[in-house]
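Architecture and fold: a report
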Amino acid sequence: VACGHHSCAIPPPLSQQEARAIDTMKTATIASLALNIILATIVLVALLGRNQEREQNVGMMMVRAPAATGLAAPCTDSRTAVNFHRRFKFQPRRKPDPPRKWPMKVGDKVKVISGGDKGKESEVTRVYRKTGYVLVKDVNLKTKHQRPQGEDETGAIIQIEHPIHHSNVKVTERGVYTKPVAAATEE
């Protein structure tokens, strides 16, 4: 003891076993720190890569320039209202929700079990397998105001069948679908 004070006391020498234990703890700590640093750099590189991809995608989008110039300028700020809405412009309106096994095919007789046309019975004319919708004859009719195509024609208000979700339709009678065959040409 140098000065007799308890804080200034020199610690007793360590045994070889204690020294080895301390050395292994030091190496383990250094190894874990190195591993943490490597993992952090990997995460940062991945995040920076994502941000650069987003910036490239946003940079590829075009904003309409004034009509007088007739030119389109590349986007620089991704937070503008134009870019925000442009994100959703080309997305499909109907999310794909097809069933695993289709309960109906073209030619089947079906009954509408929900919606405005509930209770109607008709025939399936087309099946949209990717979106999960079916086109049923005389069901889900929408009115379309058609403009005149030529100078001598007049406009018309026509009714068009629109697709209905497969879950709103129930098969009442299975039909036998025969694939349409193109007429054979004789030469």
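Now for a look at the structure at hand. From a predicted model like this one, the values you see are computed outputs, not experimental measurements.

**Quick look at the overall build of the protein chain**
Looking only at helices and strands, one finds 2 helices and 9 strands in the protein chain. Secondary structure elements of the protein chain, listed N to C terminal, follow the sequence α-β-β-α-β-β-β-β-β-β-β. Working note: accessible area of the protein chain is about 16100 Å², and carbon and sulfur atoms make up 57% of it.

**A closer look at a nonpolar patch on the surface**
Taken together, the side chains of Leu35, Ile38, Leu39 and Ile42 make up a nonpolar region of the molecular surface, amounting to roughly 380 Å² of accessible area. Here Leu35 lies in helix 1 (residues 16–60).

**Notes on the nonpolar core**
The biggest cluster of nonpolar side chains holds 11 residues, and these are Trp102, Met104, Val110, Val112, Val124, Val127, Val134, Val136, Val139, Ile164 and Val169. Of all the elements in the fold, those that place two or more residues in this core are strand 3 (109–112), strand 4 (121–128) and strand 5 (133–136). Dropping the residues within four chain positions of it, Val112 is found in contact with Asp117, Lys118, Gly119, Lys120, Val139, Ile164 and Asn168.

**Here's the deal with unusual backbone geometry**
Within the chain, Asp138 stands out as a residue other than glycine whose phi angle is a positive 60°. Summarising the element assignment, Asp138 is placed in the loop between strand 5 and strand 6 (141–146). Look at Asp138 and you get partly exposed, because its relative accessible area is 46%. The backbone phi angle of Asn140 is positive, close to 60°, even though this residue is not glycine. For Asn140, the location among the structural elements is in the loop between strand 5 and strand 6.

**Regarding the sheet that holds strand 8 (residues 164–165)**
Taken in spatial order, the 5 strands line up as 8-5-4-3-9 in an open sheet, and their pairing is antiparallel. Strands with a single pairing partner mark the edges of an open sheet, and in this sheet they are strand 8 and strand 9 (169–173). Examined bridge by bridge, strand 4 and strand 5 share 4 bridges and lie antiparallel to one another. Looking at the pairing, Val127 lines up with Val134 of strand 5.

**Quick look at the pairing of strand 3**
Only one face of strand 3 is covered, namely the face carrying Val110 and Val112; the face carrying Lys109 and Lys111 is uncovered. The pairing of strand 3 with strand 4 spans 3 bridges and is antiparallel. Each residue of the ladder has a partner; that of Val110, found in strand 4, is Ser122. For strand 3 and strand 9, the ladder comprises 4 bridges, and the chain directions are antiparallel. When the bridges of strand 9 are listed, Val110 appears paired with Val171.

**Quick notes on the pattern of salt bridges**
Here the structure, examined in full by the defined rule, presents 3 salt bridges. Put simply, Asp108 and Arg174 hold a salt bridge, and the shortest N to O gap is 3.4 Å. Note that Asp108 is positioned in the loop between helix 2 (81–89) and strand 3 and Arg174 in the segment after strand 9, a separation of 66 residues in sequence.

**What about the side chain of Asp108?**
For Asp108, a relative accessible area of 2% corresponds to the buried category. A polar contact of 3.4 Å, which involves the side chain of Asp108, links it to the side chain of Arg174. Within the structure, the side chain of Asp108 is placed 2.8 Å from the backbone nitrogen of Gly175, a separation counted as a polar contact. Setting aside anything within four residues of it in sequence, one finds Asp108 in contact with Pro103, Ser122, Glu123, Val124, Val171, Glu173, Arg174 and Gly175.

Cut-offs used in this document
- Numbering of residues starts from 1 in every chain and runs along the sequence as written.
- Only residues with pLDDT of at least 70 get local features here, since the model is predicted, and only at 80 or more are side-chain atom pairs given and counted; chain-wide, interface and lining totals rely on the full set of residues.
- With hydrogens and water set aside, each side-chain value is computed from the structure's full complement of heavy atoms.
- Helix and strand assignments follow DSSP, with helices taken as H or I runs no shorter than four residues and strands as E runs no shorter than two, numbered in order from the N terminus.
- In short, Shrake-Rupley with a 1.4 Å probe defines the accessible areas, and a residue's cover is counted only from the protein chains shown.
- Only residues whose relative accessible area exceeds 30% and that form no salt bridge are eligible for patches; like-charged ones are grouped when within 9 Å, while nonpolar side chains (Val, Leu, Ile, Met, Phe, Trp, Tyr) are grouped when within 5 Å.
- Definition used for salt bridges: Asp or Glu carboxyl oxygen within 4 Å of a side-chain nitrogen of Lys or Arg.
- Each nonpolar core is a collection of buried residues, namely Ala, Val, Leu, Ile, Met, Phe, Trp, Tyr and Cys, held together in the definition by side-chain atoms within 4.5 Å.
- For every residue, the accessible area obtained with a 1.4 Å probe (protein chains only) is divided by the maximum for its type, and the residue is called buried under 20%, exposed over 50%, and partly exposed between those limits.
- Should any heavy atoms of two residues lie within 4.5 Å, those residues are counted as being in contact.
- The pairing criterion is simple: DSSP has to find at least two bridges between the two strands.
- For this analysis, a polar contact is any N or O atom pair within 3.5 Å, provided that within protein one partner can donate a hydrogen and the other can accept it, and provided that sequence-adjacent residues contribute only side-chain to side-chain pairs.

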